[in-house]
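In case you want the letters, here they are:
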Amino acid sequence: MECGLSPIIGFRFSLHPMTNDFIKVIKGALKETDATNVWMHTDDVSTVIRGKQVHVFNVAKAITLHAAKTGEHIALSGTFSAGCPGDSAGDVYLDKGDIIANTDITKQYVSSQFALYPMNNPSYMDIIYHEVDRAKAQGVFNDSMHYASGIHGDIHDVFAFYEEAFTNARSDEHKHLVMTVSMSINSPSHGGR
C-alpha cells in the first residue's frame, strides 16, 4: 500500500487523571471542548480526533487544557499521524475553514516528551535533529533522552511547537508521519509550576 494523500490528520490519545474522580475529569474536558470542526470518537481505552491539522491540534490542546484546569495531576499519551495508507474516511471535515473553535488562553505548565517518525524518509535523522534544534531555539527544549526528546513550558507554546514540528517533518515526497507525545501536568514533581 502507498502512503495516503489525504490531508486528514489523526490524533489518538488516552487521558489519565490521577484522581478517583477520573471519569468526571475526562468527560468534563471532552464536553467543554468545541469539537465541531473534527470527527471525534471515544471508546473505553482512548479518544481519536480526525480532520484538518489546524483543528486536530486545537481540539487536542483544548481537551488537555480543560483537564489540567481541574488542578488534578494529568497524564496524556497519544499519537499524531498523517498519510497513513488507507486513511480516507471522515473527509467531510476537510471542508471546515481555518478559524479555530477553542481560544482559551489560560496559562498552564506542561512537561512532555515527543518522538518523530518520518516514515520511509532516508533523511529522518536530519529531520529529527532539525526539530530538536528548533525546540532549543524556541526555549521549549527540556532534555535529551533515549527514544524521545523532552519539551516543556506553557501549554500554548508546547502545542505550537508540536504542530510546527509535525508540519516541518512532512514533505511532498514523504507524507506518512507519526509523532508520539506524552505529557505530565500538575505533577507534584514540577515544583509548583
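Numbers given to residues run from 1 along each chain, matching the order in which its sequence is written. Reporting of local features is limited, given that this is a predicted model, to residues whose pLDDT is at least 70; pairs of side-chain atoms are given and counted only at 80 or more, and all residues count toward the totals for whole chains, interfaces and linings. Side-chain numbers here rest on the full set of heavy atoms in the structure, without hydrogens or water.

Quick look at the overall build of the protein now. By the criteria applied, helices consist of DSSP H or I runs no shorter than four residues and strands consist of E runs no shorter than two, each listed in order from the N terminus. Helix and strand counts for the protein stand at four helices and eight strands. Taken against the 2.2 N^0.38 rule, which gives 16 Å for 193 residues, the C-alpha radius of gyration of the protein at 16 Å falls within 12% of a compact globule. Along the first, second and third principal axes, the C-alpha set of the protein runs to 45 × 40 × 30 Å. Here the protein, with 193 residues, has 48% of them falling under the buried criterion. Two residues qualify as a contact provided that any one of their heavy atoms is within 4.5 Å of a heavy atom in the partner residue. Across the protein, the fraction of contacts at a sequence separation of at least 24, relative to all contacts at a separation of at least 6, is 81%. For the area figures, the Shrake-Rupley method with a 1.4 Å probe applies, and any residue is considered shielded solely by the protein chains shown. As displayed, the protein has an accessible area near 10000 Å², and 54% of this comes from carbon and sulfur atoms. Of the side chains in the protein, 15 bear a positive and 22 a negative charge, and the two mean positions are spaced by 5 Å. Radius of gyration here uses only the C-alpha atoms, and the compact-globule reference equals 2.2 Å multiplied by the residue count raised to the power 0.38. Residue exposure (1.4 Å probe, protein chains only): buried if accessible area is under 20% of the type maximum, exposed if over 50%, otherwise partly exposed. The sign given to each residue is positive for Lys and Arg and negative for Asp and Glu; His and the chain ends receive no count. For the purpose of locating charges, the reference atoms are NZ of Lys, CZ of Arg, CG of Asp and CD of Glu.

Let us look at the packing of helix 3 (residues 124-138) against helix 4 (residues 155-169). Running from N to C, helix 3 and helix 4 cross one another at 150°; their axes reach a closest spacing of 10 Å. With respect to helix 4, the element helix 3 is oriented roughly antiparallel. Every pair of crossing elements has a handedness; the one defined by helix 3 and helix 4 is right-handed. Contact residues: I127, E131, R134, A135 and Q138 in helix 3; F161, E164, A165, N168 and A169 in helix 4. In this description, a line fitted to the C-alpha atoms serves as the axis of each element, helices being fitted only across the stretch in contact, and the angle between N-to-C directions of two axes falls anywhere from 0 to 180 degrees. An angle below 35 degrees is read as roughly parallel, one above 145 as roughly antiparallel, one from 65 to 115 as roughly perpendicular, and any other as oblique. Helix crossings get a hand from a simple test, with the near helix turned counterclockwise from the far one by less than a right angle marking a left-handed crossing and a clockwise turn marking a right-handed one.

Looking now at unusual backbone geometry. A positive phi angle is found at Y147, which is not glycine, with a value near 70°. Looking at where Y147 falls in the secondary structure, it is placed in the loop between strand 6 (141-145) and strand 7 (148-154).

Another point: the confidence of the model for the protein. As a per-residue measure, pLDDT reflects the predictor's confidence and takes values from 0 up to 100. Per-chain confidence: the protein averages 92 in pLDDT, with 94% of residues scoring 70 or above. Across the protein, element-level confidence peaks in helix 2 (residues 53-68) with a mean pLDDT of 98 and bottoms out in strand 6 with 93.

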